[in-house]
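Overview (structure and organization)
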Amino acid sequence: VVTRHYVEASLKEMWQYAKDNEQLLEDLHSQIEETNQGLSVKQSERDCLLEYKNVGSKIQLDRIMNLEKDIKEVKDEFQRAKEYYSNALKTLKEENDRQVERHTELSKEQALENAVRNLDKYNRREIEENKWLKEMVKMYQEKVNDLKASVQVLEEENIGLVTKLIDGRLQNLRV
């Protein structure tokens, strides 16, 4: 026996089941729609990437090659400029050192002259005598060197003569 209450409950369950299925179907349709939209977005991204792969990457590769060539040229130019400025700096340092040395020598000479000018007569005379003595020492050293050379030559001649004399006596003794 099927009662009215049982039929109504069964109809309500079926109606609820149908309503749940419709809701589930609507949810599935909305998920399908979202998935289709996501798919279309991904498809457009894929198309963009394929276009980049086929066309844009070649353009970028050309740009990269040109930039690398520019970088190499800049590096070469930098190296040449570095060498030029290094040589210029070295030359300037050498010239500066020469000028400083020349200035130092002139300053020493002027300081000596100023010091000599400011000395009294007695000290000036001592300096002049010292210069004269230095010149005399040089002259005597040259004479001593000449005499040493002459003595050495004479000693060599004497040794040669003594050797000849001894050889002559030895020959006379043998005879």
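From a predicted model like this one, the values you see are computed outputs, not experimental measurements.

On to a negative patch on the surface. Together, Glu94, Asp97, Glu101, Glu105, Glu109 and Glu113 line one region of the surface with negative charge. Within the secondary structure, Glu94 sits in helix H1 (residues 4-117). Classification of Glu94 by relative accessible area gives partly exposed; the value is 39%.

Below, the discussion takes up the pattern of salt bridges. Overall, the coordinates contain 7 salt bridges when judged by the stated rule. Put simply, Lys42 and Glu45 hold a salt bridge, and the shortest N to O gap is 3.9 Å. On the criterion of helical spacing, the pair formed by Lys42 and Glu45 is a turn pair, its members being 3 residues apart in helix H1. On the basis of relative accessibility, which here comes to 53%, the residue Lys42 falls in the exposed class. A relative accessible area of 40% places Glu45 in the partly exposed class.

Each aromatic ring pair is specified by the distance between its two centres and by the angle formed by the two planes. Tallying each qualifying case throughout the model produces 1 aromatic pair. Between the aromatic rings of Tyr84 and Tyr85, the centroid separation amounts to 5.2 Å while the plane-to-plane angle is 70 degrees, which identifies the pairing as edge-to-face. Its relative accessible area of 54% is what places Tyr84 among the exposed residues. Residue classification places Tyr85 among the exposed positions, given a relative accessible area of 57%.

A separate point is the UniProt feature "coiled-coil region" (unreviewed entry) in the chain. Residues annotated by UniProt as "coiled-coil region" (unreviewed entry) correspond here to residues 57-109. Secondary structure within residues 57-109 divides into 100% helix and 0% strand; the distance between the first and last C-alpha atoms comes to 76 Å.

Moving on, we get to a nonpolar patch on the surface. Together, Val2, Tyr6, Val7 and Leu11 make up an exposed nonpolar region whose accessible area comes to about 410 Å². By relative accessible area, Val2 is classed as exposed at 56%.

The rules behind these values
Residues numbered from 1 in each chain as written. Predicted model: local features only at pLDDT ≥ 70, side-chain atom pairs only at ≥ 80, totals over all residues. Heavy atoms only, no water. Patch = residues over 30% accessible without salt bridge, like charges linked within 9 Å, V, L, I, M, F, W, Y side chains within 5 Å. Areas by Shrake-Rupley, 256 points an atom, 1.4 Å probe, with all protein chains shown as cover. Salt bridge = Lys/Arg side-chain N within 4 Å of Asp/Glu carboxyl O. Lys, Arg positive; Asp, Glu negative; His and termini not counted. Charge placed at Lys NZ, Arg CZ, Asp CG, Glu CD. Helix = DSSP H or I, 4+ residues; strand = E, 2+ residues; numbered from the N terminus. Buried < 20%, exposed > 50% of the residue type's maximum accessible area, 1.4 Å probe, protein only. Phe/Tyr/Trp six-rings, centres within 6.5 Å; stacked < 30°, edge-to-face > 60°. UniProt positions renumbered as here; feature names shortened; annotations may be inferred.

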